[in-house]
Amino acid sequence: MKRRTVLTTGCNAGIGLATVLEVAERGHRSIGTVRSEEAAELVARAARDRHVDVETRILEVNDAEGCAEVVDAIRPDVLVNNAGYAIFGAIERVPEEDARTLFDTLVFSPVRLARLALPHMRKAGWGRILFMSSLFGRVAAPPLGWYASAKHAIEGLADVLRMEVARDGIGVVVLEPGGVRSPMLEKAERESARYPAGGFEESNRLAGARIRQTDFFRADPRDVARVVLTALEASSPQARYLVGYDAQIIGRLSPMIPSWLSDRVTRLVQGL
Ligand SMILES: NC(=O)c1ccc[n+]([C@@H]2O[C@H](COP(=O)([O-])OP(=O)(O)OC[C@H]3O[C@@H](n4cnc5c(N)ncnc54)[C@H](OP(=O)(O)O)[C@@H]3O)[C@@H](O)[C@H]2O)c1
C-alpha cells in the first residue's frame, strides 16, 4: 500500500475525527482542518490517545483564500470533503441567506477545494477526491429539504467531475452514509429554534423525536471512516458507497417506490 497525503475537512467531531484517526492509523499522512485552536487541541488529544499522528490546519471552508493556502501548502493526494452541517426546518421557513450559506458549505466550498487540489493531483499523476454526501443525496424528506437539496447538488457535480478527471488518473467518489452517531442532527434541531415554525411545529417535533428514537440504529462514525479508507485505497473505487444498514436498504429500495406512495408514508410519519 502506497502512503498517501490525505486532507480531511472538519476533523474535530463525528465522521471527520474518525476519518483522520483511521487514516493515520493505516499509515497515511493524515491532515485535518478545524476552525479553532481548541478544536485542534481536541484532535491532538484524540490522536495521542490512539498513538497516531494527525496534523491540523485552521480552515473555515467558506474562506476562499484560506482554502487556497491550505491546499497549496499540503498538496494532498486525497481530499476528503467532509465538513458540513444540516439545517432542520421547513423549506419556506428557512431564511434564504441561511440556505445560501448551507450551499456554500456543502456545495461551493467542497468543489472549490477540489478545483484547488486538481492541479497538484494531475502533476502527481494520481489523486482521489471524496465527497461526503449522504443518503439524503439520493432521497429527500422533511424537515431536511435544504440539506437534501445541497447533497443532491454535490452528487450531480461529483458525477460530472468524475468523468472530466478520470483520464488524469484522478478518482472521484461519493460517500452516502445514512444516520451516523454524531452531534450534527441534534445541533441542527437545536438551532432550528430560531426559525419561525409557523404550522410545522408538530412535524418538527415528530422529526426531532424520531432522531432520538433511532439513535441506536445509527452507524458508528468509524464505519464511515473505514469506507473512506476503502475508497481511497481501492485501485478502482466505486462511484458511490452507501454506508450503514438504513442507507443500504432505503438507498436501494427508494428508486422502486412510486413518489405518491413514499409521499403518503412520509407525510403520515411526519404529521404533514
Ligand atoms: N451525522 C449524520 O447522520 C450524517 C449522515 C450522512 C452524511 N453526513 C455528512 O457527514 C459530514 C460530517 O458530518 P458529522 O455528522 O460528522 O457532523 P459533525 O460531527 O457536526 O462534524 C461536522 C464537522 O464539520 C465542520 N464544519 C462545519 N461547517 C464548517 C465550515 N463552514 N468550515 C469548516 N468546518 C466546518 C465542523 O466544525 P465545527 O465543530 O467548528 O462546527 C465539524 O468539524 C457532513 O458533510 C454531513 O453532511 C452526516
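Please refer to the structure placed before this passage.
Here the structure is a predicted model, which is why all the values come from computation and not from measurement.

A.B. asks: Which residues make up the nonpolar core, and what values do they have?
C.D. replies: Of all hydrophobic cores here, the largest spans 24 residues; its most connected members are L7, L79, L113, I129, F131, L161 and V172. If you list the elements that add at least two residues to this core, you get α3 (64–74), α4 (96–124), β5 (127–132), α5 (145–165) and β6 (170–177). Broken down by element, the residue count for this core peaks at 6 residues, all from α4. Among all residues touching L7, those that are not within four sequence positions of it are I31, T33, V70, V71, I74, P76, V78, L79 and V80. Membership of the second largest hydrophobic core comes to 19 residues, among which are W126, V227, V228 and Y241.

A.B. asks: Give a detailed account of the pattern of salt bridges, specifying residues and quantitative values.
C.D. replies: Close approach of charged atoms allows side chains with opposite charge to pair. A complete count under the given rule lists 25 salt bridges for this structure. Two residues, E41 and R48, come together in a salt bridge whose shortest N-O distance is 3.4 Å. Look at E41 and you get partly exposed, because its relative accessible area is 36%. Counted as one network, the salt bridges with shared partners bring together R138, E155, D159, R162, E176 and R240.

A.B. asks: Give a description of the packing of α3 against α4 that names residues and reports values.
C.D. replies: It is the contact of α3 with α4, at a shortest axis distance of 10 Å, that shows an interaxial angle of 30°. Judged by the angle between their axes, α3 and α4 are roughly parallel. Judged by the twist between their axes, the crossing of α3 over α4 is right-handed. Across the interface between the two elements, A64, C67, A68, V71 and D72 from α3 touch R112, L113, L116, A117 and H120 from α4. Split into classes, the residues belonging to the contact of α3 with α4 amount to 7 nonpolar, 1 polar and 2 charged.

A.B. asks: I'd like a rundown of the sheet that holds strand β4 (residues 78–81), residues and numbers included.
C.D. replies: The strand order across the open sheet built from 7 strands is β3-β2-β1-β4-β5-β6-β7, with neighbouring strands paired in parallel fashion. Of all the strands in the sheet, the pair left with one neighbour each is β3 (54–58) and β7 (240–243). On average, each strand axis in the sheet is inclined to that of its neighbour by 20°, with strand direction left out of account. Sheet topology note: the strand β1 (residues 5–8)/β4 ladder contains 3 bridges and is parallel. When the bridges of β4 are listed, V6 appears paired with V78. Against the sheet, α3 touches β1, β2 (29–34) and β3, its axis set at about 165° to β1. Strands β4, β5 and β6 of the sheet are contacted by α4, whose axis makes an angle of about 170° with β5.

A.B. asks: Pulling in residues and values, what's your account of the pairing of β6?
C.D. replies: With 8 of 8 residues buried, β6 is to be regarded as a mostly interior element. In β6, alternate side chains face the same way, and those of I170, V172, V174 and E176 on one face and G171, V173, L175 and P177 on the other are all buried. In the sheet, β5 pairs with β6 via 6 bridges, with the strands oriented parallel. Its bridge partner lying in β6, G127 is registered against I170. With respect to chirality, the unit in which β5 leads through α5 into the neighbouring parallel β6 is right-handed. The pairing of β6 with β7 spans 4 bridges and is classified as parallel. If you follow L175 over to β7, its bridge partner there is Y241.

A.B. asks: Account for the packing of aromatic side chains, naming residues and giving values.
C.D. replies: Per the stated rule, a full pass over the model turns up 3 aromatic pairs. The lysine or arginine in question, R4, covers the ring of W126, its NZ or CZ lying 3.5 Å from the ring centre.

A.B. asks: How would you sum up the side chain of T33? Please name residues and give values.
C.D. replies: Its location among the elements puts T33 in strand β2. Residue classification places T33 among the buried positions, given a relative accessible area of 2%.

A.B. asks: Account for the site of the ligand, naming residues and giving values.
C.D. replies: Taken together, 28 residues are adjacent to the ligand, and N12, R35, N82, Y147 and S182 come closest. Between the ligand and I15, the relevant distance is 2.8 Å, taken from an oxygen atom to a main-chain nitrogen or oxygen of the residue. A distance of 3.0 Å separates an oxygen atom of the ligand from a polar atom in the side chain of K151. Protein contact buries 92% of the 900 Å² of open area that the ligand shows by itself. Elements represented by at least two residues in the shell around the ligand include exactly α1 (14–25), α5 and α6 (184–191).

Conventions used here
Residues numbered from 1 in each chain as written. Predicted model: local features only at pLDDT ≥ 70, side-chain atom pairs only at ≥ 80, totals over all residues. Heavy atoms only, no water. Core = buried A, V, L, I, M, F, W, Y, C linked by side-chain atoms within 4.5 Å. Buried < 20%, exposed > 50% of the residue type's maximum accessible area, 1.4 Å probe, protein only. Helix = DSSP H or I, 4+ residues; strand = E, 2+ residues; numbered from the N terminus. Contact = heavy atoms within 4.5 Å. Salt bridge = Lys/Arg side-chain N within 4 Å of Asp/Glu carboxyl O. Axes fitted to C-alpha atoms, helices over the stretch in contact; angles between N-to-C directions. Parallel < 35°, antiparallel > 145°, perpendicular 65-115°, else oblique. Left-handed = near helix turned anticlockwise from the far one by under 90°. Nonpolar A, V, L, I, M, F, W, Y, C, P; charged D, E, K, R; others polar. Pairing = 2+ DSSP bridges. Right-handed = clockwise from strand over helix to strand, strands pointing away. Phe/Tyr/Trp six-rings, centres within 6.5 Å; stacked < 30°, edge-to-face > 60°. Lys NZ or Arg CZ within 6 Å of the ring centre and 35° of its normal. Near = heavy atom within 4 Å. Polar contact = N/O pair within 3.5 Å; in protein donor to acceptor, adjacent residues only side chain to side chain. Areas by Shrake-Rupley, 256 points an atom, 1.4 Å probe, with all protein chains shown as cover.

Purely geometric stuff here, so don't read any function into it on its own.
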